[in-house]
Amino acid sequence: MPTDQSASGYRPVILLVEDNLADLRLAQEVLKEANMAHELLVARDGEQAMKMVRKEGEYAGIKRPDLILLDLNLPRKHGREVLAEIKSDPQLKRIPVLILSTSKAESDVAGCYDAHANCFLTKPVALDDFAVLAGLIRDFWLHWVQLPPAPQPQG
Amino acid sequence: MAAPRAPGVTASVEGSDGSLLPHALSFAGQGDLLWLHVAADALTALAYFMIPMTLVYFLRRRQGTLSFGWAISLFAAFILLCGTSYVLGIITLWSPIYWAQGWLKLLTALVSIATAAAILPLVPRLLAMRSPEELAAANQQLAQANARLEETNHQLQLEMAGREVAERELRRSLADLNRAVAELEQFAYIASHDLQAPLRNIAGFVQLLERRYRERLEGDGLEFLDFIGQGVRQMKALIEDLLALSRVGRGAESRLEPRPLAATLEEALKPLSGQIASSGAEIVHGELPVVLAEHRLLGQLFQNLIGNALKFQGQGARPRIEIRCSAEGERWHVVIADNGIGIPPAQLEAVFAIFRRLHPQDEYEGSGIGLAICRKIAVHHGGELFATSDGEGRGSQFHLLLPQQPRLRESRPGAPDPGVGA
């Protein structure tokens, strides 16, 4: 399904935060198979993710992500902390954050929504299901949803 | 202790005094004989005076503790009087006071008779009194009995202390056991949860391989790929069942509610609809009551048991499953009966053990955990689950005894689902 963004030539930027290489690769493959026009940024831990969304240091030149796919169990900085920092930062809180975790635990789900996660997705076990989910993310978040404009830089 | 004299008698004695002669005259010319009498009488008198004095001293020292004090006093008076009569005997050698001596003798006689009269009734009591030897023996026996008592007492105290120690140890072991069970369940949960992550990857990459490279594989390669896929499916079922087992009774999700059993059954059948349709199974149930239970778990129990009933069937057989429920005392008796392959009598209990399988995996698929989950659900409700069967090939019946007012076996409200994210 062609999207508005691809029609206008804009490739939305997705930040995928995932520490496990195999999980990362699988997610990349699934996103690739979903055939969506996007630019993928990858962070391997919570601290790196924060530096990337804040464009700090070596990441000063990268694009600001339009959508964040965030795993919870991350080294150095837990996904919940990354979520809380993004959602309490006026410059960043508009960016939709989709939690993509293996957890179904009530405490995780509730905690993430309390911290203003935009949705909580449990990673499907079967690849086919994962592919379906990737297609849904593509259609919903990158086609139907009006993504927020980037906030005007302050000061 | 002078006896009163009758006035008439006194007058007559005094009236005839003076005409009498002293004894000494009888010994005239025999001085030795006279002094023999004097010496003997004096010594006897001395002894007679000393005895009552000793007795009086004795009485004073043992004041109040002696049973026969008055008898002893009387006896002392009697001896004192005897002594006095010997003194008078000496006096009458020279001075003829025979009247006084006579009255004294009379007094002595009276006191003697009184003493004898007083002592006679004491004889049986004196006889009943223990001799010092007997007393000593009795004392010794008492002391021994006392020692035995003390010994028994000591042993009792030791035994009590031992029991207290044993009780403390029992309590400690029980706490240890509970902790170990809790830890094991926590371990099972975390382990099975963490096992899912690598499995998800294996499954994903196998599927990617199949999707992209299947055409380039042939013969063995395809077969190996199928085996990997099969292994992944089995492991997935195993992990999911393990997770389900460790989740039974986890505090956060425990909720008792009254709900029609028929509704729970209907919901449990939904995921089985494919199997039911393909096998042409007939599932019937009688009237089912409203039951107070954790219906999510009860549904899982139904699903496992009915799933088993559908699965364990002979080749080409048409499954027939009947569910009925009756009230038995304060419990519900739910029976799930099938016409399947049955269970050998020796295995009726073993089938509930975790990982216990009676058939090879390629004959009847399964993790070997399903019935363990069912039993845990029953026990969690304070109920029982057991199986009966008329033997192989003759179907089996699973009996759930469920308290009508269940009291959930609370499993550590302090340990909710560990929030493991990956």
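Residue indices follow the written sequence of each chain, beginning from 1 at its first position. Chains carry letters from A onward and ligands carry numbers from 1 onward, assigned in written order. Owing to the predicted nature of the model, reporting of local features is limited to residues with pLDDT of at least 70; listing and counting of side-chain atom pairs is limited to 80 or more, with chain, interface and lining totals taken over all residues. Derived side-chain values reflect all non-hydrogen atoms in the structure, with water molecules and hydrogen atoms excluded from consideration.

### Some points on the overall build of chain A
For clarity, the cut-off: A run of DSSP states H or I qualifies as a helix once it reaches four residues; a run of E qualifies as a strand once it reaches two. Both are numbered from the N-terminal end. The rule is simple: take the accessible area with a 1.4 Å probe, protein chains only, and divide by the maximum for that residue type; under 20% is buried, over 50% is exposed, in between is partly exposed. By definition in these notes, contact holds between two residues if any of their heavy atoms fall within 4.5 Å. Accessibility throughout is a Shrake-Rupley quantity obtained with a 1.4 Å probe, and a residue counts as covered only by protein chains that appear here.
The number of helices and strands found in chain A is 6 helices and 5 strands. Counting from the amino terminus, helix and strand elements in chain A follow one another as α-β-α-β-α-β-α-β-α-β-α. Within chain A, the fraction of its 155 residues that count as buried is 52%. Considering only contacts in chain A between residues 6 or more positions apart, those separated by 24 or more positions represent 66%. Accessible surface for chain A amounts to roughly 7,600 Å². Of this, 51% is attributable to carbon and sulfur atoms.

### Section: the UniProt feature "modified residue: 4-aspartylphosphate" (unreviewed entry) in chain A
Residue and element names in this part refer to chain A. Definition in use: UniProt positions are given in the numbering used here, feature names are shortened, and annotations may be inferred rather than shown by experiment.
The feature "modified residue: 4-aspartylphosphate" (unreviewed entry), as annotated in UniProt, sits at Asp71 in this numbering. With respect to the helices, strands and loops of the structure, aspartate 71 is situated in the loop between strand 3 (67–70) and helix 4 (79–87). A relative accessible area of 1% places aspartate 71 in the buried class.

### As for the packing of helix 2 (residues 21–33) of chain A against helix 6 (residues 132–213) of chain B
Packed helix pairs are specified by the crossing angle of their axes together with the interaxial distance, meaning the distance between the axes. Just so we agree on the cut-off: Whenever a helix is involved, its axis is fitted only over the stretch in contact; in every case the axis is a line through C-alpha atoms, and angles between N-to-C directions fall within 0 to 180 degrees. With respect to orientation, any angle under 35 degrees is reported as roughly parallel, any angle over 145 as roughly antiparallel, any angle of 65 to 115 as roughly perpendicular, and every other angle as oblique. Crossings are sorted by hand: turned counterclockwise from the far helix by less than a right angle, the near helix makes the crossing left-handed, and turned clockwise it makes it right-handed.
Here helix 2 of chain A crosses helix 6 of chain B at 40 degrees, and the two axes come no closer than 10 Å. Our classification of the angle between helix 2 of chain A and helix 6 of chain B gives oblique. Regarding helix 2 of chain A and helix 6 of chain B, the two cross each other, and that crossing is left-handed. On helix 6 of chain B, the residues touching Ala22(A), Asp23(A), Arg25(A), Leu26(A), Glu29(A) and Glu33(A) of helix 2 of chain A are Arg200(B), Asn201(B), Gly204(B), Phe205(B), Leu208(B), Arg211(B) and Arg212(B).

### Considering the sheet that holds strand 5 (residues 119–122) of chain A
All names here are of chain A. As a reminder, the rule being used: Only when DSSP finds a minimum of two bridges between them are two strands counted as paired.
Within the open sheet, the 5 strands sit side by side as 2-1-3-4-5. Their pairing is parallel. Every interior strand has two partners, whereas the edge strands, strand 2 (39–43) and strand 5, have only one. When strand polarity is set aside, the average angle formed by the axes of neighbouring strands in this sheet is 20 degrees. Alignment of strand 1 (residues 13–17) against strand 3, held across 4 bridges, turns out to be parallel. Paired with leucine 15 across the two strands is isoleucine 68, which belongs to strand 3. Along the sheet, helix 3 (residues 46–53) makes contact with strand 1, strand 2 and strand 3, crossing strand 2 at roughly 135 degrees.

### Quick word on the environment of Leu83(A)
Residues and elements named next belong to chain A. Positionally, leucine 83 belongs in helix 4. Separated by 37 residues in sequence, leucine 83 and glycine 46 place their C-alpha atoms 9.4 Å apart. In contact with leucine 83, not counting residues within four places along its chain, are Leu70, Val97, Ile99, Cys112, Ala115 and Ala117.

### Here we look at the pairing of strand 6 (residues 384–389) of chain B
Residues and elements named next belong to chain B. Side chains Leu385, Ala387 and Ser389 project from strand 6 onto a buried face, and the interleaved Glu384, Phe386 and Thr388 project onto a face without burial. Sheet topology note: the strand 6/strand 7 (residues 396–403) ladder contains 6 bridges and is antiparallel. If you follow serine 389 over to strand 7, its bridge partner there is serine 396. The hairpin turn running from strand 6 into strand 7, its antiparallel successor, is 6 residues long, and glycine 391 in that turn takes a positive phi close to 115 degrees.

### What about the environment of Arg138(A)?
Residue and element names in this part refer to chain A. Within the secondary structure, arginine 138 sits in helix 6 (residues 127–144). When its relative accessible area of 14% is taken as the criterion, arginine 138 is described as buried. For arginine 138 and histidine 38, which are 100 residues apart along the polypeptide, the C-alpha to C-alpha distance reads 9.4 Å. With sequence-adjacent residues up to four places away left out, arginine 138 is seen in contact with Ala34, Met36 and His143.

### A few points about helix 8 (residues 261–269) of chain B
Note the following rule: Directions are taken from the helix axis to each C-beta atom, and the arc is the one they span.
Buried within helix 8 of chain B we find Leu261(B), Thr264(B), Leu265(B), Ala268(B) and Leu269(B). With its buried residues spanning 135 degrees around the axis, helix 8 of chain B presents them on a single face.

### Quick word on the interface of chain B and chain A
To keep things clear, this is the line we draw: Summed over both partners, the accessible area lost on bringing two parts together, with a 1.4 Å probe, is the buried area. What makes a salt bridge here is a side-chain nitrogen of Lys or Arg within 4 Å of a carboxyl oxygen of Asp or Glu, nothing more. Side-chain atoms alone can form a polar contact between residues adjacent in sequence; in general such a contact is a pair of N or O atoms within 3.5 Å, and within protein one must be able to donate a hydrogen while the other accepts it. Polar here means any residue other than Ala, Val, Leu, Ile, Met, Phe, Trp, Tyr, Cys and Pro, which are nonpolar, and Asp, Glu, Lys and Arg, which are charged; Gly is therefore polar.
Counting residues at the interface gives 18 residues for chain B, matched by 24 residues for chain A. Carbon and sulfur atoms make up 50% of the surface buried where chain B meets chain A, a total of about 1,900 Å² over both sides. The interface formed by chain B and chain A holds 4 salt bridges in total. For Glu33(A), the salt bridge is made with Arg212(B), and the minimal N-O distance between the two is 3.0 Å. Our count for the contact surface shared by chain B and chain A stands at 7 residue pairs in polar contact (both at pLDDT 80 or more). At 10 residues, the largest contribution of residues to the side of chain B that touches chain A is made by helix 6 of chain B. Looking at the side of chain B that touches chain A, its residues break down into 6 nonpolar, 6 polar and 6 charged.

### Here we look at the confidence of the model for chain A
Residues and elements named next belong to chain A. Formally: pLDDT is defined as a per-residue confidence score from the predictor, taking values between 0 and 100.
Predicted confidence across chain A gives a mean pLDDT of 87, with 91% of residues reaching 70 or more. No element of chain A has a lower mean pLDDT than helix 1 (residues 4–7), which averages 47, and none a higher one than strand 3, which averages 95. The low-confidence segment residues 1–6, where pLDDT is below 50, has 12 contacts with residues more than four positions distant or belonging to other chains.

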